[in-house]
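Read off the chains here:
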Amino acid sequence: MKKPVIAIDGYSSTGKSSISKVIAAKLGLIHLDTGALYRGVTWFALQNCLNDSGTIDLEKLFSSFDQIGLEFKNLDGELVLFLNHIDISKAIRTNEVSENVSFVAKQKEVRDFLLQSQRNLAEKGGIIMDGRDIGTVVLPNAEYKFFLTASIDERTRRRYQELISLGIEADEQQVKENLIERDRIDSEREIAPLKQAEDAIVIDNTNISKKETIDEILSHIQKI
């Protein structure tokens with residue numbers, strides 16, 4: 001029996017990726033953090049495609065797609081993102097990447113570059129994919145769709161704690177402003193904006209724990 005395809009969308013710092021990892025482990029699915037792919041492209045751009053003013057040169061980035069080799073490798077049971085055989089899993093979580101990823105991700109060329117590879121991974125089923133447009137654009141036929149949301153103050157707290165735990169210096173107010181700006185860009189972008197799929201189940205986890213969010217999602221998924 002073919003295992004299901006599950007799409008989890010939602011705002012930044014609602015726990016999409018960490019929650020998806022746990023569910024994947026419980027159900028024997030592959031987990032794919034699509035946000036990491038966009039961060040990977042952004043990190044590449046910041047390293048290789050800046051113009052004289054220090055901003056990302058989009059034309060240079062678009063013409064460099066053939067130099068971007070992104071892949072997830074299974075290290076001790078966890079999928080870790082590599083760019084051209086280099087582990088960038090920590091580098092893509094820096095503030096610099098966070099401040100630029102929405103700008104990069106809203107470009108049609110970037111989304112087209114990553115779209116087919118994401119769909120190919122889901123063809124055989126047995127995958128849980130999280131992002132911002134999975135249930136609406138990438139996998140519109142997914143058997144299960146969820147949309148996670150939480151208050152801006154709670155998301156700021158979570159994101160700030162995540163950065164500190166990674167040893168990355170952070171200012172809580174700057175983190176909040178960054179999240180608000182990312183919400184705006186992601187929701188207003190012309191190509192594949194962040195929005196809830198009509199048939200998605202919405203879960204507000206402002207006041208519930210990660211475990212409770214996971215239990216809620218699992219309660220909607222038929223036993224495999």
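Going by an unreviewed UniProt entry, the protein carries the name Cytidylate kinase and comes from Candidatus Chryseobacterium massiliense. Among the UniProt annotations of the protein, the heading Subcellular location (unreviewed entry) holds the following wording: "Cytoplasm".

Peer 1: Sorry, what's going on with the UniProt feature "binding site: ATP" (unreviewed entry) in the protein here?
Peer 2: According to UniProt, the positions carrying the feature "binding site: ATP" (unreviewed entry) are Gly10, Tyr11, Ser12, Ser13, Thr14, Gly15, Lys16, Ser17 and Ser18. Within the secondary structure layout, Thr14 lies in the loop between β1 (5-10) and α1 (16-27). For Thr14, a relative accessible area of 1% translates into the label buried. At a separation of 2.7 Å, a polar atom in the side chain of Thr14 contacts the main-chain carbonyl oxygen of Tyr11. Turning to its location among the elements, Ser17 is positioned in helix α1. Leave out the neighbours within four places in its chain, and Ser17 touches His31, Asp33 and Asp130.

Peer 1: Please explain the sheet that holds strand β4 (residues 78-83) as it appears in this structure.
Peer 2: Backbone-to-backbone hydrogen bonds pair the strands of a sheet. The strands run either parallel or antiparallel. What the three strands build is an open sheet, ordered β3-β4-β5; its pairing is antiparallel. Each of the sheet's edge strands pairs with one partner strand only, and the pair in question is β3 (70-75) and β5 (86-87). Pairing analysis gives six bridges linking β3 to β4, with the strands arranged antiparallel. Note that in β4 the partner of Leu75 across the bridge is Glu78. Contacts from helix α2 (residues 34-48) reach β3 and β4, with the element oriented near 25° to β4.

Peer 1: What am I meant to see in the sheet that holds strand β2 (residues 30-33) here?
Peer 2: Here we have five strands laid out as an open sheet, ordered β2-β6-β1-β7-β8, and parallel in their pairing. Lying at the two open borders of the sheet, with one neighbouring strand each, are β2 and β8 (201-204). Sheet twist, expressed as the mean angle between neighbouring strand axes with direction ignored, is 20°. Examined bridge by bridge, β1 and strand β7 (residues 144-149) share five bridges and lie parallel to one another. Residue pairing for β7: Ile6 is matched across the bridge by Tyr144. Its contacts with the sheet put helix α9 (residues 210-220) on β1, β7 and β8, and the angle it makes with β7 is roughly 155°.

Peer 1: It is not clear to me how the side chain of Lys145 should be interpreted in this structure. Could you clarify?
Peer 2: Structurally, the position occupied by Lys145 is in strand β7. One polar contact links the side chain of Lys145 to the main-chain carbonyl oxygen of Pro140, over a distance of 2.7 Å. Every residue in contact with Lys145, bar those within four places of it in the chain, is listed here: Ala7, Gly135, Leu139, Pro140, Ala197, Asp199, Ala200 and Ile201.

Peer 1: What am I meant to see in the side chain of Arg159 here?
Peer 2: By secondary structure assignment, the location of Arg159 is in helix α7 (residues 152-165). The buried category is assigned to Arg159, whose relative accessible area is 6%. Among the polar contacts made by the side chain of Arg159, one reaches the main-chain carbonyl oxygen of Arg93 at a distance of 3.3 Å. Ignoring any residue separated from it by four or fewer positions in sequence, one finds Arg159 in contact with Ser13, Arg39, Arg93, Thr94, Ser98, Val175 and Leu179.

Peer 1: Help me understand α7 in this model?
Peer 2: At 3.6 residues per turn, the α-helix brings residues three or four places apart onto the same side. Its 14 residues give α7 an end-to-end C-alpha distance of 20 Å, which sits within 8% of 20 Å, the value for a rise of 1.5 Å per residue. Looking at α7, one finds that the buried residues are Glu154, Arg155, Thr156, Arg159 and Leu163. Among the structural elements, α2, α4 (95-105) and α8 (172-188) are those in contact with the buried residues of α7. Within two residues after α7, Gly167 carries a phi angle of roughly 80°, on the positive side.

Peer 1: Just checking my understanding: could you explain the environment of Ala24 for this structure?
Peer 2: Looking at where Ala24 falls in the secondary structure, it is placed in helix α1. Sequence separation between Ala24 and Thr34 is ten residues, and the spatial gap between their C-alpha atoms is 15 Å. Sequence-distant contacts of Ala24, defined by excluding residues within four places in its chain, comprise Leu29, Ile30, His31 and Ile128.

Peer 1: Help me out: how do you make sense of the packing of aromatic side chains in this one?
Peer 2: Where two aromatic rings form a pair, the distance of their centres and the angle of their planes describe that pair. Tallied over the entire structure, the rule returns three aromatic pairs. With a centroid separation of 5.9 Å and 45° between ring planes, the pair formed by Phe62 and Phe65 is classed as tilted. Across the pair, Phe65 and Phe62 agree in class, each one buried. Geometrically, the ring pair formed by Phe65 and Phe113 is stacked, given 4.4 Å between the ring centres and 5° between the ring planes. Pair noted here: Phe65 is in the loop between α3 (58-62) and β3 and Phe113 is in helix α5 (residues 108-122), with a separation of 48 residues, a long-range link. Looking at Phe65, the relative accessible area reads 15%, which means it is buried. Through a chain of ring-to-ring contacts, the aromatic side chains of Phe62, Phe65 and Phe113 assemble into a single cluster. The lysine or arginine in question, Lys73, covers the ring of Phe82, its NZ or CZ lying 4.5 Å from the ring centre.

Cut-offs applied
- Residues numbered from 1 in each chain as written.
- Predicted model: local features only at pLDDT ≥ 70, side-chain atom pairs only at ≥ 80, totals over all residues.
- Heavy atoms only, no water.
- UniProt positions renumbered as here; feature names shortened; annotations may be inferred.
- Helix = DSSP H or I, 4+ residues; strand = E, 2+ residues; numbered from the N terminus.
- Buried < 20%, exposed > 50% of the residue type's maximum accessible area, 1.4 Å probe, protein only.
- Polar contact = N/O pair within 3.5 Å; in protein donor to acceptor, adjacent residues only side chain to side chain.
- Contact = heavy atoms within 4.5 Å.
- Pairing = 2+ DSSP bridges.
- Axes fitted to C-alpha atoms, helices over the stretch in contact; angles between N-to-C directions.
- Expected span 1.5 Å × (residues − 1).
- Phe/Tyr/Trp six-rings, centres within 6.5 Å; stacked < 30°, edge-to-face > 60°.
- Lys NZ or Arg CZ within 6 Å of the ring centre and 35° of its normal.

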